[in-house]
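The lines below spell out each chain.
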Amino acid sequence: MKKTVTVCLLLALLLMLIPQLASCKKGGVTTLYVYNWGEYISDGSEGTMDVNAAFEEWYFDTYGERVEVNYSTYSSNEDMYAKLSSGASEYDIVIPSDYMIARMIEEELLRPLDFSNIPNSVYIDLEAMFGAEAPYYDPTQSYSVPYTYGTIGIIYNKTMVDEADLGSWDIMWNEKYTGNILQFNNSRDAFATALFKLGYSVNTDSEAEWQEALALLKSQKPIVQGYVMDEIFNKMENGSAAIAPYYAGDFFTMYGDNEDLGFFYPSEGTNVFVDAMCIPTTSKNPEIAERYINFMLSKEAAIANAEYMCYASPNRLVTEDADYRAAMEELHPDAMEILYGTGEMRLEFYENLPEQKLMMLSHLWEDLKIESPINTSIIVMAGVIAGGLCTAFVFFAIRRYRRKKLLVRLWQ
């Protein structure tokens, strides 16, 4: 009887240890899998703080356990979602954008956080971010902790753009700048520029308003130099384009290489986005993941990340720090105003559209990108080429006919 009880107790103990054993590598090192956007963390380059290495050291000093961060990156919310939802990979930390967080909560891909392991979350200032106590994408504030946030504005070259034309989304449709305007190469952001210009919501339920936005983007297409994402950096830095909508934080990177660049927010309003730290339901190390989130909210790590990314920080330990403010103002005289002075503006999140609306948007985007703008000069050139080909065809046909006729005569 005693032997049976002893065996049962040993089995129970083994079962309790299996999760811990499964999450450890040889030598007792636990691997924490972190999945984040590219270029989205202070990584030790150019004298910056290596935040992940600092976390590993801090964790051992605090808890006496070895943790190794396995850090990988993705280029879009959709790429991250596809990988996570397929079950092919298991991560402990992901940092999606607001609309994707809403979708993942709905599909039960995220687990509720234990905030007793994240005491630094008290420094998150939601009201300063977007004037709301609870974000729409996580109304119970149970699944996410903001990592960074930002807005979209218009970057322009002061040597190429008249100051009188600034202030509105209208500048993106100004024919004066034909061939010098860049547009987003993604559907949601590109359509937002048109919807804001028209005074509509970027989450409108009206198909007619989406169609009106498509017509506006088609009218813009002949004056657009190109549809870009990362290519914008080279084009704006070297002065090969004059006007482009983009994320406020990235303006500072471009300005660092070209001080002729300026920035403004359109008066009609713009998009605001939040990227937040979350723990997938498949995480094998949720407690360590929560401690990782808490470390990212600590003053030194949060300031290092904010200075590295140049996006707005939701953390009061950052925004109230005199050294951080001085560093940002050294980067650009209006940096703090650009990043944090959006309180009176009309700001809209991209909400997670229903599947039917997402399909409609995809079709509208294909319609815009497939249709090629053909201006008069191209038509004239095509006509000249076609005329030349026709003339050549007729010439060789007549010549061939005469040669054949001559051969017939000779044979006769």
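As the structure is a computational prediction, the values presented were derived from the model and not from experiment.

Draft legend 1. Just the overall build of the chain, in detail. The secondary structure content of the chain amounts to 16 helices and 11 strands. Within the chain, the fraction of its 412 residues that count as buried is 46%. In the chain, of all internal contacts separated by at least 6 residues, the share reaching a separation of at least 24 is 72%. Of the roughly 21,500 Å² that the chain leaves accessible, carbon and sulfur atoms contribute 54%.

Draft legend 2. Spotlight on the pattern of salt bridges. Applying the stated criterion across every chain, the model contains 10 salt bridges. When the shortest N-O distance is used, the salt bridge between aspartate 170 and lysine 197 registers 2.6 Å. Here aspartate 170, found in the loop between strand S5 (145–157) and strand S6 (181–184), pairs with lysine 197, found in helix H6 (residues 187–198); they are 27 residues apart in sequence, far enough to count as distant. With relative accessibility at 24%, the residue lysine 197 sits in the partly exposed group. Of the charged contacts, one joins lysine 299 and aspartate 321 as a salt bridge, the two residues approaching to 3.3 Å between their closest N and O atoms. Residue lysine 299 is located in helix H11 (residues 299–309), and its partner aspartate 321 is located in the loop between helix H12 (316–319) and helix H13 (322–331); the two are separated by 22 residues in the primary sequence. A network of salt bridges, in which partner residues are shared, links Asp162, Asp165 and Lys176.

Draft legend 3. The arrangement of the side chain of arginine 188 in detail. Positionally, arginine 188 belongs in helix H6. Despite its burial, arginine 188 remains without a salt bridge, the nearest opposite charge being carried by glutamate 351 at 7.0 Å. Separated by 3.5 Å, the side chain of arginine 188 and the backbone oxygen of valine 202 make a polar contact. A polar contact is formed between the side chain of arginine 188 and the backbone oxygen of glutamate 351, at a distance of 3.1 Å.

Draft legend 4. Representation of the environment of tyrosine 99 within the structure. Structurally, the position occupied by tyrosine 99 is in helix H4 (residues 98–106). Given a relative accessible area of 17%, tyrosine 99 falls into the buried group. Distance in space between the C-alpha atoms of tyrosine 99 and asparagine 77 is 9.2 Å, their sequence separation being 22 residues. For tyrosine 99, the residues in contact, after removing those within four places along its chain, are Asn77, Glu78, Tyr136, Tyr350, Glu351 and Asn352. Only 3.5 Å separates the side chain of tyrosine 99 from the side chain of asparagine 77, close enough to count as a polar contact.

Draft legend 5. Highlighting the packing of H6 against helix H7 (residues 207–220). Orientation of H6 relative to H7, taken along the N-to-C sense of each, is 105°, at an axis distance of 9 Å. When the axis of H6 is compared with that of H7, the two are roughly perpendicular. Each of Ala190, Phe191, Thr193, Ala194, Leu195, Lys197 and Leu198 in H6 lies in contact with H7, whose residues at this interface are Glu209, Trp210, Glu212, Ala213, Leu214, Leu216 and Leu217. For the contact of H6 with H7, the class distribution of residues is 10 nonpolar, one polar and three charged.

Draft legend 6. Representation of the confidence of the model for the chain. Residue-level pLDDT values for the chain average 87, and 83% of them are 70 or greater. In this model, residues 1–26 is a region of pLDDT below 50 whose contacts with residues beyond four sequence positions or in other chains number nine contacts. Below a pLDDT of 50 lies the segment residues 390–412, which in the model reaches zero contacts outside its immediate sequence neighbourhood of four places, other chains included.

Draft legend 7. Quick peek at the packing of aromatic side chains. Summed over all chains, the structure comprises 31 aromatic pairs. Residues phenylalanine 233 and tyrosine 246 carry aromatic rings whose centres are separated by 5.9 Å and whose planes lie at 85° to one another, so their mutual orientation is edge-to-face. Placement of phenylalanine 233 in helix H8 (residues 232–237) and of tyrosine 246 in strand S8 (residues 243–247) is noted, with a sequence separation of 13 residues between them. Given the relative accessible area of 3%, tyrosine 246 is considered buried. Plain terms: the ring middles of phenylalanine 273 and tyrosine 311 are 5.8 Å apart, the flat faces sit at 65° to each other, and that makes the pair edge-to-face. Taken together, the residues phenylalanine 273 in strand S10 (residues 270–277) and tyrosine 311 in the loop between H11 and H12 connect sequence positions 38 residues apart. For tyrosine 311, a relative accessible area of 9% translates into the label buried. One aromatic cluster in this structure is built from Tyr35, Trp37, Tyr40, Tyr74, Tyr91, Tyr147, Phe184, Phe233, Tyr246, Tyr247, Phe273 and Tyr311. Against the face of tyrosine 81 rests arginine 103, its NZ or CZ located 4.0 Å from the ring centre. The ring of tyrosine 63 carries arginine 291 above its face, with NZ or CZ at 3.8 Å from the centroid.

Draft legend 8. Representation of unusual backbone geometry. We note that glutamate 108 has phi near 55°; this positive angle belongs to a residue other than glycine. Examined against the element boundaries, glutamate 108 turns out to sit in the loop between H4 and helix H5 (126–130). One non-glycine residue, cysteine 310, adopts positive backbone phi at about 65°. In this structure, cysteine 310 sits in the loop between H11 and H12.

Draft legend 9. Spatial organisation of the side chain of serine 42. Inspection of the secondary structure puts serine 42 in the loop between strand S2 (29–37) and helix H2 (51–63). Discounting residues that sit within four places of it in the chain, serine 42 has contacts with Thr48, Met49, Asp50, Val51, Ala304, Asn305 and Tyr308.

Definitions and limits used
- Residues numbered from 1 in each chain as written.
- Predicted model: local features only at pLDDT ≥ 70, side-chain atom pairs only at ≥ 80, totals over all residues.
- Heavy atoms only, no water.
- Helix = DSSP H or I, 4+ residues; strand = E, 2+ residues; numbered from the N terminus.
- Buried < 20%, exposed > 50% of the residue type's maximum accessible area, 1.4 Å probe, protein only.
- Contact = heavy atoms within 4.5 Å.
- Areas by Shrake-Rupley, 256 points an atom, 1.4 Å probe, with all protein chains shown as cover.
- Salt bridge = Lys/Arg side-chain N within 4 Å of Asp/Glu carboxyl O.
- Lys, Arg positive; Asp, Glu negative; His and termini not counted.
- Polar contact = N/O pair within 3.5 Å; in protein donor to acceptor, adjacent residues only side chain to side chain.
- Axes fitted to C-alpha atoms, helices over the stretch in contact; angles between N-to-C directions.
- Parallel < 35°, antiparallel > 145°, perpendicular 65-115°, else oblique.
- Nonpolar A, V, L, I, M, F, W, Y, C, P; charged D, E, K, R; others polar.
- pLDDT = per-residue confidence, 0-100.
- Phe/Tyr/Trp six-rings, centres within 6.5 Å; stacked < 30°, edge-to-face > 60°.
- Lys NZ or Arg CZ within 6 Å of the ring centre and 35° of its normal.

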